[in-house]
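# Notes for the structure review
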Amino acid sequence: MHTNLLTAFGLLSFCRLFHLQNTPSFKMKFIDIGANLKDGMYQGIYNGKTENPKHEPDLEHVLRRAWDAGLHKIIITGTNVADSQSALKLAQSDERLYSTVGCHPTQCTEYESDPDAYSQSLDKLIREGGNKVVAFGEFGLDYDRLQYCPKEIQLKYFEKQLNLSLNHNLPLFLHCRNAESDFMRIIKEYAPKLSRKGVVHSFDGTTQQALDLTDLGFYIGINGCSLKTIENLEVLKSIPEDRLLLETDCPWCEVKQSHAGYSYVKTKHDNVKNMKWVPDKMVKSRNEPANIVQILEIVAAVRGVDQERLGSKIHTNTLRLFFPHELAHSDTTNHADGTERAV
Ligand SMILES: *[C@@H]1O[C@H](CO)[C@@H](O)[C@H](O)[C@H]1NC(C)=O
Ligand SMILES: [Zn+2]
C-alpha cells in the first residue's frame, strides 16, 4: 500500500532488513520419505499390548508437530498388504501425505500362503492409490531377522516384487539389512530394467555398497539407524550429495544418546515417558517426523557442509525421485515465492 512512497530499491532494502531481523533462520523444508505412521505406538500401543494402551491415539499431535517443524510432505511406509492399505487410507486424508505399497522381508511368510493373490492385492492397491502411492516397497532382504522369515523365502519375494515392480512406473523403497552380497547381486541384475530406480532406505552398509548403489542410479536413505557408529559416519561422507535422502523411519530409528551421530544434534525436543503422555510433548524413545531436522544436522556436520544448502539439495533430490512432476515447475514457484518475499 506504501509502494507509491518508496522507490523499488528502497522497498527492497527495507524488506531485506525486515527479513533479516525477524526471521534469522531460514525455515527448512523437509520431506520424510519413511514414516511408519500406522504403527500402534501412535495409538498408544507399545510392545503389541493392545489391551493396555499407555495413552490415547495422538497421530494428530504428531502430525501437527511435523508440519510445524517444516515437513511439507510425508511418505507413509507400507509393509504388507493390510498395512499398505491403511497407509494409503491415511494418505488419502491429507494432501501432504503419500504412501508406499509392498511386503517387508520380515513379513514374507504372509506372501507365501497364496503368492499370486498376494501379488494381485499389491497391484490393485497401487492402481487404486493413483498419485498417492509414490513408491513400490518396502521390500528387500533382512538377514538380521531370519526368525520372522527364512532366507530362501525372503529371496523369493524380493525377486517376485522386483518382477512385479516392472509393471508399474514407480521408484522402489528398498530395505537391506546384513544381506549386502545377495542384495547387490540381485539388484544389479534388475537395475537396467528399472526406469526410476529407487532408494535403499535406513542405509547402514559399506562405502563400497553405497558407491555401487549410487552408480546403479539408486538413492541412499539416511535415518538414526544409519548414524550409530563411527564406521557409519565414515560411510556417510562417501555418498554423493545428489543421491542423499533423509527419513526418520519413525517410530523406530531415533538418534539415541549412545549413537556416534548424537554429538552433532542441535535441535532437542522435550519428551515424556509414555505413561506420562501429554498431547504437546513427544514420547521418549518413540521417533516422529519432526525429528528429521536432527538427521540433517548430523549429516551436514559429518560431511562438513552448510546445513541449509545441504537441506535444500536433499529436498531437490527427494522431489526428483518421488515427485518429479513438482520439480519440473518448482523452479518457477520458488522464484515467485522469492520475489513475493522481497516485495
Ligand atoms: C521373475 O521373473 C523372471 C523372468 O520372467 C522369472 O524367471 C523368475 O522366475 C521370476 N521370479 C519369481 C520369484 O517369480
Ligand atoms: Zn526398513
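What you see is a predicted model; the values in this text were computed from it and never measured. (Residues numbered from 1 in each chain as written. Chains lettered and ligands numbered in written order. Predicted model: local features only at pLDDT ≥ 70, side-chain atom pairs only at ≥ 80, totals over all residues.)

Across its full length, the protein chain holds 12 helices and 10 strands. Taking all 343 residues of the protein chain together, the buried fraction comes to 40%. Counted over contacts in the protein chain with a minimum sequence separation of 6, partners at least 24 positions apart contribute 73%. (Helix = DSSP H or I, 4+ residues; strand = E, 2+ residues; numbered from the N terminus. Buried ≥ 20, exposed ≤ 12 C-beta atoms within 10 Å, placed from the backbone. Contact = placed C-beta atoms within 7 Å.)

Segments scoring low in pLDDT should not have their predicted coordinates read at a detailed level. Looking at the protein chain as a whole, the pLDDT averages 91, with 88% of positions reaching at least 70. Confidence over residues 1-24 falls short of pLDDT 50; this stretch has 7 contacts with residues more than four positions distant or in other chains. Note that pLDDT drops below 50 for residues 331-343; the model gives that stretch 5 contacts with residues more than four away or on any other chain. (pLDDT = per-residue confidence, 0-100.)

With that settled, consider the pairing of strand 7 (residues 219-222). On strand 7, burial covers both faces: Tyr219 and Gly221 on one face and Ile220 and Ile222 on the other are all buried. Sheet topology places strand 6 (residues 198-201) next to strand 7; 2 bridges connect them, and they run parallel. Among the inter-strand pairings, Val200 is bridged to a residue of strand 7, identified as Ile220. Read from strand 6 through helix 8 (residues 207-215) to strand 7, the crossover connection turns out right-handed. Relative to strand 8 (residues 244-246), strand 7 runs parallel, the two sharing 3 bridges. Each residue of the ladder has a partner; that of Gly221, found in strand 8, is Leu245. Viewed along the sheet, the connection from strand 7 through helix 9 (residues 230-238) into strand 8 turns out right-handed. (Pairing = 2+ DSSP bridges. Right-handed = clockwise from strand over helix to strand, strands pointing away.)

Quick look at the environment of Phe30 now. Structurally, Phe30 is set in strand 1 (residues 30-35). In sequence terms Phe30 and Ile74 are 44 residues apart; their C-alpha atoms lie 8.6 Å from each other. Beyond its immediate sequence surroundings of up to four residues, Phe30 is in contact with Gly70, Leu71, Leu246 and Ile292.

Looking now at the nonpolar core. By size, the foremost hydrophobic cluster in this structure holds 78 residues, and its most contacted members are Ile75, Ile76, Val199, Ile220, Ile222 and Leu245. Once you skip the residues sitting within four places of it in the chain, Ile222 turns out to touch Phe203, Leu236, Leu244, Leu245, Leu246, Ile295 and Val299. (Core = buried A, V, L, I, M, F, W, Y, C linked by C-beta atoms within 7 Å.)

So, on to the environment of Tyr157. With respect to the helices and strands, Tyr157 occurs in helix 6 (residues 151-165). Sequence spacing of Tyr157 and Thr109 is 48 residues, and the spatial spacing of their C-alpha atoms is 9.3 Å. Apart from residues lying up to four places away in sequence, Tyr157 is in contact with Cys103, Cys108 and Tyr111.

Attention now goes to unusual backbone geometry. Cis geometry marks the peptide bond from Gly137 to Glu138; its omega dihedral reads 5 degrees. Positionally, Glu138 belongs in strand 4 (residues 133-142). Looking along the chain, the bond that leaves Cys250 and enters Pro251 is cis, with omega of 5 degrees. Positive phi is not limited to glycine here, since Asn178 has a value of about 55 degrees. With respect to the secondary-structure elements, Asn178 resides in the loop between strand 5 (172-177) and helix 7 (180-190).

With that settled, consider the sheet that holds strand 1. One open sheet holds the 8 strands; their spatial order is 1-2-3-4-5-6-7-8, and the pairing between them is parallel. Each end of this open sheet is capped by a strand with a single partner; those strands are strand 1 and strand 8. If you compare each strand with its neighbour and ignore which way they point, the axes differ by 30 degrees on average. Relative to strand 5, strand 4 runs parallel, the two sharing 6 bridges. Counterpart to Gly140 in the pairing with strand 5 is His175. Helix-sheet contacts for helix 6 involve strand 4 and strand 5, and the interaxial angle to strand 4 is about 155 degrees. (Axes fitted to C-alpha atoms, helices over the stretch in contact; angles between N-to-C directions.)

With that settled, consider the environment of Thr109. The topology assignment puts Thr109 in helix 4 (residues 108-112). On the neighbour-count criterion, Thr109 (14 C-beta atoms within 10 Å) is partly exposed. Along the primary structure Thr109 and Cys149 are separated by 40 residues, whereas in three dimensions their C-alpha atoms are 6.1 Å apart. Sequence-distant contacts of Thr109, that is, excluding residues within four places in its chain, are made with Cys149 and Ile153.

Turning next to helix 2 (residues 59-68). Along an α-helix, a turn takes 3.6 residues, which lines up residues three or four apart on a common side. Among the residues of helix 2, those classed as buried are Val62, Leu63 and Ala66. In a view along the axis of helix 2, the buried residues occupy a sector of 95 degrees, so they form one face of it. Exposed residues pointing more than 90 degrees away from the buried face of helix 2 are listed as Glu60 and Asp68. If you follow the buried residues of helix 2, they end up packed against strand 2 (71-76). Positive phi shows up at Gly70, right after helix 2, with a value of about 100 degrees. (Arc of directions from axis to C-beta.)

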